[in-house]
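# Structural overview
Okay, here's what each chain looks like letter by letter:
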Amino acid sequence: MQGLVPGDVLRDRYQLDAVLGTGAMGRVWAGRDLHLGRPVAVKTIAAEVLAVPEHRDAALARFRREARAAACLDHSNVATVFDASVTGDMCCLVMELIAGTTLEYLFDYQAEDRFDVESAVSVAAQLCSGLSAVHGAGLVHRDLKPQNVMVRRDGVVKILDFGLVKLLTDADPRLTMTGEGVGNLLCASPELLSGRSPLDGRSDLYAVGCLLHHMLTGAPVFRSTKPAELASSHLGFAAPRISATGVDVPTALEELVLALLEKSPDDRPACAGEVYEALSPFLPAPCPALATSGARPEDPRRPFLLPQGPSLL
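Cut-off values and rules
- Residues numbered from 1 in each chain as written.
- Predicted model: local features only at pLDDT ≥ 70, side-chain atom pairs only at ≥ 80, totals over all residues.
- Heavy atoms only, no water.
- Buried < 20%, exposed > 50% of the residue type's maximum accessible area, 1.4 Å probe, protein only.
- Helix = DSSP H or I, 4+ residues; strand = E, 2+ residues; numbered from the N terminus.
- Contact = heavy atoms within 4.5 Å.
- 1 Å grid on protein atoms, 1.4 Å probe; cavity = no way out; pocket = protein on both sides within 12 Å on 5 of 7 lines; lining within 4 Å.
- Points joined across faces, edges and corners; volume = space filled by probe spheres on them.
- Nonpolar A, V, L, I, M, F, W, Y, C, P; charged D, E, K, R; others polar.
- Core = buried A, V, L, I, M, F, W, Y, C linked by side-chain atoms within 4.5 Å.
- Axes fitted to C-alpha atoms, helices over the stretch in contact; angles between N-to-C directions.
- Parallel < 35°, antiparallel > 145°, perpendicular 65-115°, else oblique.
- Left-handed = near helix turned anticlockwise from the far one by under 90°.
- Salt bridge = Lys/Arg side-chain N within 4 Å of Asp/Glu carboxyl O.
- Pairing = 2+ DSSP bridges.

Going by what an unreviewed UniProt entry lists, the chain is known as non-specific serine/threonine protein kinase and is assigned to Streptomyces luteolus.

As structure tokens, then:
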């Protein structure tokens, strides 16, 4: 499967145009649905992920089941899953192609590599809105990280790359540990790293805490270039307070981030809706003038400043 090249067509329908990203578990392609003529994102999953001998059938059955559930989600903050396929030694996930930029890129785009409070809270609130729908459907994303959060050009935040690939690797912890890089561990919850099963939505809320801390401070919760060291920090070290990094944020927001980063799921907020409610006092007030202003196009606050307003060109 890794021999795929631009121009190849999967399932007689999805033409692969260009590689958008490559990871240990597979590749993400920009492509086109030849039947409907629309652009799509296609994630092709590495063959070795499917080659877990004793757990392969169960993992693939669960992949099919959760892919169907993901395809039924209809929420503006979750990238739509159009199709999923397991045939022979190939597994692919076809999703909405988002025009925008990742949160990872925006960290570098911001002054001082961090967001102001209103922007950070706007992103986190949209993530919680999307996760509320995800968790309500009985699903857990499992793999929230800066690369999997896209800010569209109109400011709408989209959760990408549903954790269905992570689901396959969960069948064999050895594969997960050998395939993970630092980027995949930046927001991994302690229970995900320890192999606790089943996971629930509070694992994703830990990742929201990691992302919110990163947005507010300009740096990950734990800084390490070694995967094993980073995993150990998530498992055994208390998260630093935002104020300890020299960044001034409202006390209630700092306490919320610390609650999200608790090691035990029972000590975190119970659901995404509860986190959204706690974030709501820090959301920006609406600003109709944004519709005609010269503000930069990637502004994660925009849906709160100008709900359903005209898109900037």
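Read on, since the account is not over.
Here the focus is helix α10 (residues 251–260). Turning to α10, its buried residues number three or more, namely Leu 253, Glu 254, Leu 256, Val 257, Leu 258 and Leu 260. In the core, the buried residues of α10 are packed alongside α3 (117–136), α8 (201–217) and α11 (272–279).

Moving on, we come to empty space enclosed by the protein. Counting across every chain of the model gives 3 cavities of 30 Å³ or more. By volume, the largest cavity amounts to about 80 Å³. Breaking the lining of the largest cavity down by element, the ones donating at least two residues are α6 (182–185) and α8. Residue contributions to the lining of the largest cavity peak at 3 residues, all from α8. Each residue belonging to the lining of the largest cavity can be placed in one class, and the counts come to 6 nonpolar, 3 polar and 4 charged.

What follows deals with the nonpolar core. With 65 residues, the main nonpolar core has Leu 103, Phe 115, Leu 212, Met 215, Leu 216, Leu 253 and Leu 279 as its most contacted residues. Leaving out residues up to four positions away in the same chain, Leu 212 has contacts with Ala 120, Val 121, Ala 124, Leu 253, Val 257 and Leu 279. By size, the runner-up hydrophobic cluster in this structure holds 10 residues, among which are Leu 4, Tyr 14, Leu 16 and Cys 92.

Following both chains from N to C, one finds α3 and α11 inclined at 160°, their axes separated by 8 Å at the closest point. Between α3 and α11, the interaxial angle falls into the category roughly antiparallel. Relative to α11, the crossing made by α3 is left-handed. Note on element contacts: α11 touches α3 through Ala 272, Val 275, Tyr 276 and Leu 279, opposite Val 121, Ala 124, Ala 125, Cys 128, Ser 129, Leu 131, Ser 132 and His 135. For the contact of α3 with α11, the per-class residue count stands at 9 nonpolar, 3 polar and no charged.

What follows concerns unusual backbone geometry. Its identity is not glycine, yet Arg 11 carries a phi of approximately 55°, on the positive side. Mapping Arg 11 onto the fold places it in the loop between β1 (9–10) and β2 (14–23). Phi is positive for Asp 12, close to 60°, though the residue is something other than glycine. Within the secondary structure layout, Asp 12 lies in the loop between β1 and β2. When its relative accessible area of 70% is taken as the criterion, Asp 12 is described as exposed.

Each pair of packed helices gets described by two things: the angle between the helix axes and the distance between those axes. Running from N to C, α10 and α11 point in directions that differ by 165°, and their axes come no closer than 10 Å. Between α10 and α11, the interaxial angle falls into the category roughly antiparallel. Along this stretch, α10 crosses α11, giving a crossing that reads as left-handed. Of the residues in α11, those touching α10 at Leu 253, Leu 256 and Leu 260 are Val 275, Ala 278 and Leu 279. Looking at the contact of α10 with α11, its residues break down into 6 nonpolar, no polar and no charged.

Attention now moves to the pattern of salt bridges. Across all of its chains, the model carries 13 salt bridges by this definition. Between Asp 83 and Arg 11 there is a salt bridge, with the nearest N and O atoms lying 2.5 Å from each other. With Asp 83 in strand β5 (residues 81–87) and Arg 11 in the loop between β1 and β2, this residue pair connects regions lying 72 residues apart in the sequence. Accessibility expressed as a relative area gives 43% for Arg 11, which makes it partly exposed. Taking the shortest distance from any N to any O, the salt bridge between Asp 33 and Arg 13 comes out at 2.8 Å.

Glancing now at the pairing of strand β3 (residues 26–33). The side chains of a regular strand alternate, first on one face of the sheet and then on the other. Relative to β3, β2 is paired through 8 bridges, and the arrangement is antiparallel. In the sheet register, Ala 18 faces β3, and the bridge partner there is Ala 30. Summarising the sheet, β3 and strand β4 (residues 38–45) pair through 8 bridges and their orientation is antiparallel. Along β4, the bridge assignment pairs Gly 26 with Ile 45.

Bringing the sheet that holds strand β9 (residues 157–159) into the picture now. One open sheet accounts for 3 strands, arranged β7-β8-β9; its pairing is antiparallel. The open sheet terminates on both sides in strands that have one partner only, identified here as β7 (100–102) and β9. Averaged over all neighbouring strand pairs, the angle between strand axes comes to 30°, with direction disregarded. Sheet topology note: the β7/strand β8 (residues 149–152) ladder contains 3 bridges and is antiparallel. Of the residues in β8, the one forming a bridge with Thr 102 is Met 150. Set on the sheet, α3 makes contact with β8 and β9; between it and β9 the angle comes to about 45°.

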